[in-house]
Amino acid sequence: MSINRRRFVQLATSAIGVGMLPLKKVQADAQTTRVCRVTRGAAEADVEVLLAGSTGTATLLVDERDAAVVPIVADMLAADLHRITGQRPAVISKPVDLKTAVIIGTLGTSRWIKQIVDAGKLDVTAMSGQWEAAIWQTVHNPLPGIDRALVIVGSDRRGTAYGVMDLCEAAGVSPWYWWADVPVKRTDAIGVTAGRRECGSPFVKYRGIFINDEDWSFEPWAAKTLDPKLGNIGPKAYHKVFELMLRLKINYLWPAMHTISTPFAAIPENAALADRYAIVMGSSHVEPMLANAASFLGADNSEKNGPWNFVTNSKRILAFWRASVKARGKYEAIWTIGMRGPWDDPLWGVHTLGQERSLVQKIIAIQRAMLRRYVRRYRGKIPQCYVPYKEALLVYNSGLKVPPDVTIVWPDDNFGYVRQLSNPSERKRPGGSGVYYHLEYLGGPRPYCWLNTTPPALVWEEMKKAWDNDARTLWIFNVGGIKPRELGVTFAARLAWNPTHYHADAQDVFIRSFAADVCGQEHAQAICELMRDYYLLGQVRRPEAMSRQWTASLNDDEIASLAARYHALLTAEQSISSKVSRECFDAYFEIFGYSAQMLAATGLIFLHDRLAAMAAEANNLKQRTENENAVDRWRGYIERQVAWYNNDLAGGKWRYYQNMGGASAKAKWVNVQWPWVHQRVPKQSSSPDNKKLRQQPRKPEPEPVLAVSADSFVRKSAAGHASWIRVSGLGWSGGAMALWPAIPENCWDPATGLGSAPRMDYTLTLPQECIRATLVLKVLPTYELYPGMKLRIALRLNGGPMRVMTVPFASSEARINS
């Protein structure tokens, strides 16, 4: 807590004998029926409590006995008010004679809040016992000597913090003011009107991020730029992460865990800092008991404590877990239980599914006994989770018995499609369920660690489906190194706070709002359209999945169409960047412009490389040379933009954060398969090899295609509570149709006929000469809600018989010949 010491002594002295005087109980002021709002630039007479302005500031009052996060957020508020107005309020811990104050405290912990409540000046009945809720209320004469105050009270320590963070954002400081250089909205005065505001509780209890695959972004930046003295990821970096999490109202973290990073638990100050910031710590699916295998095996994987094999080395592994539990058991955490192999391997030491299930069952029982012995309970519980990721889902579905109080965290398929959700009996488990979701992924068959190309439309559709199927306890998002996923992280945080706030147009609604906050309302629609096109092109092909094999599969029309779309994306981006103010430019570039540039330029590199190869096949030296030169130009463009990001953006603040393609040369996986890492098509000559090349047959011309987008139906109808909805921004056409809500209650029985299911009707006009055609239904990768259910589509052509197809899980196509 930052306090002017001289001022504090004066204030504290005058408070002696005053702070704890009994207060007369009175009825709450009638003003509490109005909504308390933040006003900017208003005269002092126009506000109930002036927070900061040319005539002075309100003093911030906290109780030193309150949770450690309370003085932290009070100091953040004071710093934010200084950023906005140039005036910094004092933070004190005892009430004194003041004209105005902001009183910040936690229900049941703060003495000052208790006095105000006991005097009948603040009604907290509705928030008592709630999770992370907060109230703002203006109060007259809240404590002896204070004329007027804005009181911010939380139902618990994070509720208090989030109430203050709401005020900071409403006042004009973006959660991304530091992490993405979003400019502070400055004004000469800021205050609040009379009234009351109930901030409410989050819908999802634990809302988290996973810092992962940090080798080529987060770790080198932290080690070489932010904290060169430590030379790795440590308290200085996590301090910035925790502040961002408070501002986004994210409460749960899986920390960085690759061998390149100093393990989180290896620096005791990390865990203590997390507790001061009220962050609930966790660990990934390969780190049971908050214990990173890197610490056990050694950073060089030397197996300094033996193999990560419970069959052959259980004594040392148990000692390792026990040490972790003893060291971390006093802090709030969610304990990941079970066991997998290190570095995302399957469990070591077993040979059959049955052996693995039996061993994991035994391990879970041992772990839970250890937790009961050493861990402090929060609200009477020891929160635990089990993450059936990859092969562990097979183990779970084979009959693994997870204790009912443990939260099951269902995984996606690494590409944003949730693999499984709770069946009716699992929904009754007191531990509930959640989702582990990827906005970034390193692994086979194709990593994507460079850009944020998972559209918010898909995140909304999958996570709202998860919410509707009672996955409501824990959502954790793999965000890689945080940047350049600011947009994705923000949407995930807002969606987890209230999944019902957004609807099928979530992507446009969110991006417009976020762009207005970052760059101003005048640019919001243009940025929304830019990112809409960006995400559509990302669904056609992520840059990390581009390759020569991909472009070889494209026909001439597809190449021309994609080239035009990439150029249009660049043109739109350049238009916006030329109009954004200098003050907003860095934030615009980091959050929006950079990603659009990189995707478009990468696509053009691969398309020109393909055109060069085609020109070589046609023995057209001029076109080949032109396209090879174009490849070199776009390569240089990307290299310059990446270099500017690292060396010049925000004065070099983000040095080492970006590279060309999302992975370092030392990484096991290389994201973008750049064409120049392969041998170029040789220059045209009369050599036998080139003669063979020229004689290679060209691909046959594709058959005529009649493409109809899913949202071009002529009519649709609902059935009971089930209907088809258009999810804006999803799919290649930008308007995928989804059955909604996707819950077991809306399961359709084909025996009941088409009339019992929601339907869509389309008109297809075929050429008269057409004798036979193939109908291809494009289906986004989609999984059954839980084992035993089916994904079925019924078709009827020209009033003919109904034909029912079962859609393969995660398949992209279903075909019918007619």
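Predicted model, so just to flag it, every value in this text is computed and none were measured.

Criteria and thresholds
- Residues numbered from 1 in each chain as written.
- Predicted model: local features only at pLDDT ≥ 70, side-chain atom pairs only at ≥ 80, totals over all residues.
- Heavy atoms only, no water.
- Helix = DSSP H or I, 4+ residues; strand = E, 2+ residues; numbered from the N terminus.
- Buried < 20%, exposed > 50% of the residue type's maximum accessible area, 1.4 Å probe, protein only.
- Contact = heavy atoms within 4.5 Å.
- Expected span 1.5 Å × (residues − 1).
- Polar contact = N/O pair within 3.5 Å; in protein donor to acceptor, adjacent residues only side chain to side chain.
- Pairing = 2+ DSSP bridges.
- Core = buried A, V, L, I, M, F, W, Y, C linked by side-chain atoms within 4.5 Å.
- Axes fitted to C-alpha atoms, helices over the stretch in contact; angles between N-to-C directions.
- Parallel < 35°, antiparallel > 145°, perpendicular 65-115°, else oblique.
- Left-handed = near helix turned anticlockwise from the far one by under 90°.
- Nonpolar A, V, L, I, M, F, W, Y, C, P; charged D, E, K, R; others polar.
- Phe/Tyr/Trp six-rings, centres within 6.5 Å; stacked < 30°, edge-to-face > 60°.
- Lys NZ or Arg CZ within 6 Å of the ring centre and 35° of its normal.
- Salt bridge = Lys/Arg side-chain N within 4 Å of Asp/Glu carboxyl O.

Secondary structure summary: the protein chain contains 20 helices and 26 strands in total. Across the 818 residues that make up the protein chain, the buried fraction comes to 58%. Partitioning the contacts of the protein chain with sequence separation of at least 6, the portion at a separation of at least 24 is 76%.

For helix α19 (residues 621–647), with 27 residues, the first-to-last C-alpha span of 38 Å sits near the 39 Å given by 1.5 Å per residue. Backbone nitrogen of Lys622 and a side-chain oxygen of the N-cap are separated by 3.4 Å at the start of α19; the cap is Asn620.

Turning to the pairing of strand β11 (residues 206–211), a few remarks are in order. On a regular strand, one side chain projects to one face of the sheet and the next to the other, so that they alternate. Within β11, six of the six residues are buried, leaving the element largely enclosed by the surrounding structure. Here β11 shows no split at all, with Tyr206, Gly208 and Phe210 on one side and Arg207, Ile209 and Ile211 on the other all buried. Two strands pair when backbone bridges link them, and β11 and strand β18 (residues 474–480) are joined in this way by six bridges, in the parallel orientation. Bridged to Ile209 within β18 is Phe477. Note that β11 and strand β12 (residues 252–254) share three bridges and pair parallel.

Attention shifts here to the nonpolar core. Formed by 204 residues in total, the largest nonpolar core has its most connected members in Trp179, Phe242, Trp321 and Phe592. Ranked by residues supplied to this core, first place goes to helix α18 (residues 582–617) with 17 residues. Those residues in contact with Trp321 that lie beyond four places of it in its chain are Pro288, Met289, Ala291, Trp308, Phe310, Met339, Ile363, Gln367 and Met370. Counting residues in each nonpolar core, the second largest holds 20 residues, with Ala101, Ile103, Trp112 and Val153 among its members.

For sheets, the rule is that strands pair by backbone hydrogen bonds, running either parallel or antiparallel. Strand order in the open sheet formed by eight strands is β13-β12-β11-β18-β17-β16-β15-β14, and the pairing between neighbours is parallel. Both edges of this open sheet fall to β13 (280–281) and β14 (335–336), since each of them pairs with a single strand only. For strand β15 (residues 384–386) and strand β16 (residues 407–411), the ladder comprises two bridges, and the chain directions are parallel. Note on β16: the bridge partner recorded for Tyr386 is Ile408. Contacts from helix α13 (residues 486–497) reach β11 and β18 within the one sheet, and its direction differs from that of β18 by about 175 degrees.

A few words on the side chain of Thr490. Mapped onto the secondary structure, Thr490 falls in helix α13. Once you skip the residues sitting within four places of it in the chain, Thr490 turns out to touch Trp176, Leu248, Phe510 and Phe514.

A few words on the packing of helix α17 (residues 556–579) against α18. Remark: α17 packs on α18, axes separated minimally by 9 Å, with the N-to-C direction vectors making an angle of 155 degrees. Relative to α18, the element α17 is oriented roughly antiparallel. In the crossing of α17 with α18, the sense of the turn from one axis to the other is left-handed. For the contact of α17 with α18, the per-class residue count stands at 16 nonpolar, five polar and three charged.

With the rule as written, the count across this model stands at 51 aromatic pairs. With 5.5 Å between their ring centres and 75 degrees between their planes, Trp131 and Tyr206 make a pair best called edge-to-face. Taken together, the positions of Trp131 in the loop between α3 (111–118) and β7 (134–140) and Tyr206 in strand β11 put the pair 75 residues apart, joining distant regions of the chain. Here Trp131 and Tyr206 have matching classes, each one buried. Centroid distance Tyr238 to Phe242: 5.9 Å. Interplanar angle 20 degrees. Geometry classified as stacked. Of this pair, Tyr238 and Phe242 are both found in helix α6 (residues 235–248), four residues apart, which corresponds to roughly one turn of the helix. Given the relative accessible area of 0%, Phe242 is considered buried. Site record: aromatic cluster; members linked through ring pairs are Phe491, Tyr502, Phe510, Phe514, Phe585, Tyr588, Phe589, Phe592, Tyr594, Trp644 and Tyr645. Directly above the ring of Trp467 sits Arg472, whose terminal nitrogen or CZ lies 3.8 Å from the centroid. Over the aromatic face of Trp732 sits the side chain of Lys778, whose NZ or CZ is 6.0 Å from the ring centroid.

Looking now at the pattern of salt bridges. Tallied over the full model, the rule gives 36 salt bridges. In this structure, Asp761 and Arg715 form a salt bridge, with 3.2 Å as the shortest nitrogen-oxygen distance. With Asp761 in strand β22 (residues 759–761) and Arg715 in strand β19 (residues 715–717), this pair connects stretches of sequence that are 46 residues apart. Judged by relative accessible area, which is 15%, Asp761 ranks as buried.

Bringing the environment of His438 into the picture now. Among the structural elements, His438 can be located in strand β17 (residues 433–438). In this structure, the C-alpha to C-alpha distance between His438 and Val459, residues 21 residues apart in sequence, is 9.5 Å. Beyond its immediate chain neighbours, meaning those up to four positions away, His438 contacts Tyr389, Asp412, Asn414, Tyr448, Thr454 and Asn478. Within the structure, His438 has its side chain in polar contact with the side chain of Tyr436 (distance 3.2 Å).

The next point concerns helix α2 (residues 69–85). Given a rise of 1.5 Å per residue, 17 residues ought to cover 24 Å, and the 24 Å separating the end C-alpha atoms of α2 matches this to within 8%. Of all the 17 residues making up α2, 15 are buried; the element is thus mostly covered by neighbouring parts of the structure. Gly86 occupies a position one or two residues after α2 and carries a positive phi of about 85 degrees.

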